[in-house]
Amino acid sequence: MTTETVSQISEETLNSPFLQELVRQIRAQDSYGFYRNWSNELIIKPYVVSKEAKRKISVEGDVDPVTKARIMSFYRAIAAQIEQETGLISQVVIDLSHEGFGWALIFSGRLLLVARTLRDAQRFGFDSLEKLLAEGEKMTQKGIELAQKYTEVAKA
């Protein structure tokens, strides 16, 4: 994503609750203060990966720790938003093989709120911030609906 692309993104998109939560999750994992002076746009920039760039990323070998952290932050942002809306503690589990295949699970109590298959995790990213936002909001909303429908299971 170029600087021009960032400046063309609407303030509404950048200030959406999901993207703000994503930035909070990334900053929360920053124990050395690396991102302290970074803008929110710069912090979420690695989530935008064009189709051409994805094709150039090799799926041979292990998923690098930075990509694993990016995946975890994305799902933690979803879990945090579900928590804020429902008041139920939500946990994230990422089970990822060295080949880049696995699962991302968000659960509350005994209720599975989000279950997503991960494939070619080395290439994790979205075509645009709008797609990142749409996917995050969609998963969050589905998780909230499940938590509200099956509250007793989520509290167990």
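Every value quoted in this text rests on a predicted model; they were computed, and no experiment measured them.

Colleague: Explain the overall build of the protein to me, using residue names and the numbers behind them.
Modeller: Check the secondary structure of the protein and you find eight helices and three strands. Here the protein has a C-alpha radius of gyration of 16 Å; the compact-globule value for 156 residues is 15 Å, and the two agree. By its C-alpha atoms, the protein is 45 × 35 × 30 Å across when sized along the principal axes. Counting every position in the protein, which comprises 156 residues, the buried fraction comes to 40%. Sequence-distant contacts in the protein: of pairs separated by 6 or more residues, those separated by 24 or more amount to 62%.

Colleague: Just give me the short version of the environment of glutamine 20, but keep the residues and values in it.
Modeller: Take glutamine 20: it is sitting in helix H3 (residues 17-28). Those residues in contact with glutamine 20, other than ones at most four positions away along the chain, are Leu14, Asn15 and Asn40.

Colleague: Could you give me a rundown of the packing of H3 against helix H6 (residues 65-86), with the residues and numbers involved?
Modeller: Between H3 and H6, the shortest axis-to-axis distance is 8 Å and the interhelical angle comes to 120 degrees. In this view, H3 runs oblique relative to H6, as classed from their interaxial angle. Here H3 runs over H6; the crossing is right-handed. Of the residues in H6, those in contact with Pro17, Phe18, Glu21, Leu22, Gln25 and Ile26 of H3 are Ser73, Phe74, Arg76, Ala77, Ile78, Ala80, Gln81 and Gln84. Classifying every residue of the contact of H3 with H6 gives eight nonpolar, four polar and two charged.

Colleague: Run through the packing of H6 against helix H7 (residues 129-149), naming residues and quoting values.
Modeller: Direction vectors running N to C along H6 and H7 enclose 45 degrees, while the axes themselves pass 9 Å from each other. In terms of their interaxial angle, H6 and H7 are classed as oblique. You can see that H6 and H7 cross each other, and the crossing is right-handed. Counting all contacts with H6, which are made through Phe74, Tyr75, Ile78, Gln81, Ile82, Glu85 and Thr86, the residues of H7 involved are Leu132, Glu135, Gly136, Met139, Thr140, Gly143, Ile144, Ala147 and Gln148. Taken together, the residues of the contact of H6 with H7 break down into eight nonpolar, six polar and two charged.

About the criteria used
Residues numbered from 1 in each chain as written. Predicted model: local features only at pLDDT ≥ 70, side-chain atom pairs only at ≥ 80, totals over all residues. Heavy atoms only, no water. Helix = DSSP H or I, 4+ residues; strand = E, 2+ residues; numbered from the N terminus. Rg over C-alpha atoms; globule rule 2.2 N^0.38 Å. Buried < 20%, exposed > 50% of the residue type's maximum accessible area, 1.4 Å probe, protein only. Contact = heavy atoms within 4.5 Å. Axes fitted to C-alpha atoms, helices over the stretch in contact; angles between N-to-C directions. Parallel < 35°, antiparallel > 145°, perpendicular 65-115°, else oblique. Left-handed = near helix turned anticlockwise from the far one by under 90°. Nonpolar A, V, L, I, M, F, W, Y, C, P; charged D, E, K, R; others polar.

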